[in-house]
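# Commentary on secondary and tertiary structure
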Amino acid sequence: MINYRRLHFIVTILLLSAALNAVAAPPKREFYEIKIYHLKNADQEARVETFLKDAYIPAAHRAGIKNVGVFKPVATDTMAGKLIYVLTPLKSLDQILSLPKTLDKDAAYASAGKDYIDANYKNPPYARFESIILQAFTSAPVLTKPNLTGPKSQRVYELRSYEGHTEKIYQNKVKMFNDGGEVPLFARLGFNGVFYGEVIAGSHMPNLMYMTTFEDKASRDAHWKSFSEDAEWNKLKVNPEYQNNVSKNTSFFLYPTEYSDI
């Protein structure tokens, strides 16, 4: 004879265990693609922007990708008007391959993006683009949408690239972020980190990249001043374990377009 009380107890325990495991399990590490369009003139810039705004981002949303960032170099940068950065968060490496196939089946995407997709070889919409693929840090496994309120045109998004002398030395800098406490330090000081990632395919390797955000240039400068003066950072930067682990540090100052999700 079935003991329903015992059965109910067992089922309750199993459900509770599953729930606790779901809560305890950390989120899977995302992947990111940073696509950088190189442009020859204002016409190409306008055409790529129209494609991104009217075709790519809406289609990405329909494919379940919520936060697509589109950025341009700040006006004072010599590359202003020559580059457009597109940040696409992905759930897996497989999605890098499957997303183009998904877009190809999207009739609205094909219609809205016709000028870009079906461009004649004599009139391409861009000069070239490069693609960087990253995997999120273990300490920051998913993208975080910044909580900023000021005008997008005034915001500063700082994309940083830290190159390493060798693969082993580069991994030491990654460890400094994950285990040494750099990521929590940035969070404590209010840097509005969007993502932190290890580059797994790109033109400058080995390297890691991350993006922080600020309301404006003054806020950016004030945050970095507080970082340089922070006792935790000054202790971490002299830790013998993490010495000489960056060969080149490059910062790219960007601002988001009005149609950017981020």
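Refer to the structure presented above.
This text gives an overview of the structure that appears in the document.

About the criteria used
- Residues numbered from 1 in each chain as written.
- Predicted model: local features only at pLDDT ≥ 70, side-chain atom pairs only at ≥ 80, totals over all residues.
- Heavy atoms only, no water.
- Salt bridge = Lys/Arg side-chain N within 4 Å of Asp/Glu carboxyl O.
- Helix = DSSP H or I, 4+ residues; strand = E, 2+ residues; numbered from the N terminus.
- Buried < 20%, exposed > 50% of the residue type's maximum accessible area, 1.4 Å probe, protein only.
- Core = buried A, V, L, I, M, F, W, Y, C linked by side-chain atoms within 4.5 Å.
- Contact = heavy atoms within 4.5 Å.
- Phe/Tyr/Trp six-rings, centres within 6.5 Å; stacked < 30°, edge-to-face > 60°.
- Lys NZ or Arg CZ within 6 Å of the ring centre and 35° of its normal.

## Here we look at the pattern of salt bridges
Evaluation of the coordinates by the stated rule reveals 17 salt bridges. The closest approach of N and O atoms between Asp43 and Arg47, which form a salt bridge, is 3.9 Å. Taken together, the residues span about one helical turn, with Asp43 and Arg47 both in helix H2 (residues 42-62) at a distance of 4 residues. Judged by relative accessible area, which is 43%, Asp43 ranks as partly exposed. For Asp221, the salt bridge goes to Lys217, with nearest N and O atoms at 2.9 Å. You can see Asp221 and its partner Lys217 sitting in helix H8 (residues 217-229), 4 residues apart, about one turn around the helix. Relative accessible area serves as the criterion here: at 32%, Asp221 is assigned to the partly exposed category. Residue Lys217 is classed as partly exposed on the basis of its relative accessible area of 46%. Among the charged side chains, a network of salt bridges with common partners joins Glu158, Arg160, Lys217, Arg220 and Asp221.

## Looking at the nonpolar core
Grouped together as the largest cluster of nonpolar side chains are 22 residues, with contacts concentrated most on Tyr37, Phe51, Leu52, Tyr56 and Ile84. Broken down by secondary-structure element, the contributors of at least two residues to this core are strand S1 (31-38), H2, strand S3 (83-90) and helix H3 (93-104). If you tally residues by element for this core, the top one is H2, at 8 residues. With sequence-adjacent residues up to four places away left out, Leu52 is seen in contact with Tyr37, Ile57, Pro58, Val70, Ile84, Val86 and Tyr259.

## Points about the packing of aromatic side chains
Enumeration according to the criterion identifies 29 aromatic pairs in this entry. An angle of 50° between the planes, with centres 6.2 Å apart, marks the rings of Phe177 and Tyr196 as tilted. Note that Phe177 is positioned in helix H6 (residues 167-178) and Tyr196 in strand S6 (residues 195-201), a separation of 19 residues in sequence. For the pair shown, Phe177 and Tyr196 are each scored as buried. The interplanar angle of 55° and the centroid separation of 5.5 Å between the aromatic rings of Phe177 and Tyr210 together place this pair among those described as tilted. Of this pair, Phe177 sits in helix H6 while Tyr210 sits in strand S7 (residues 207-214); the two residues are 33 residues apart in sequence, bridging distant segments of the chain. Neither Phe177 nor Tyr210 differs from the other in exposure class; each is buried. Taken together through their ring pairs, the aromatic side chains of Phe137, Tyr162, Phe177, Phe186, Phe191, Tyr196, Tyr210, Phe214, Trp224, Phe227 and Trp233 make up a single cluster. A cation over an aromatic ring shows up here: Lys35 above the ring of Phe129, its NZ or CZ 4.4 Å from the ring centre.

Note that every value here comes from positions in space, so none of it alone points to a role or purpose.
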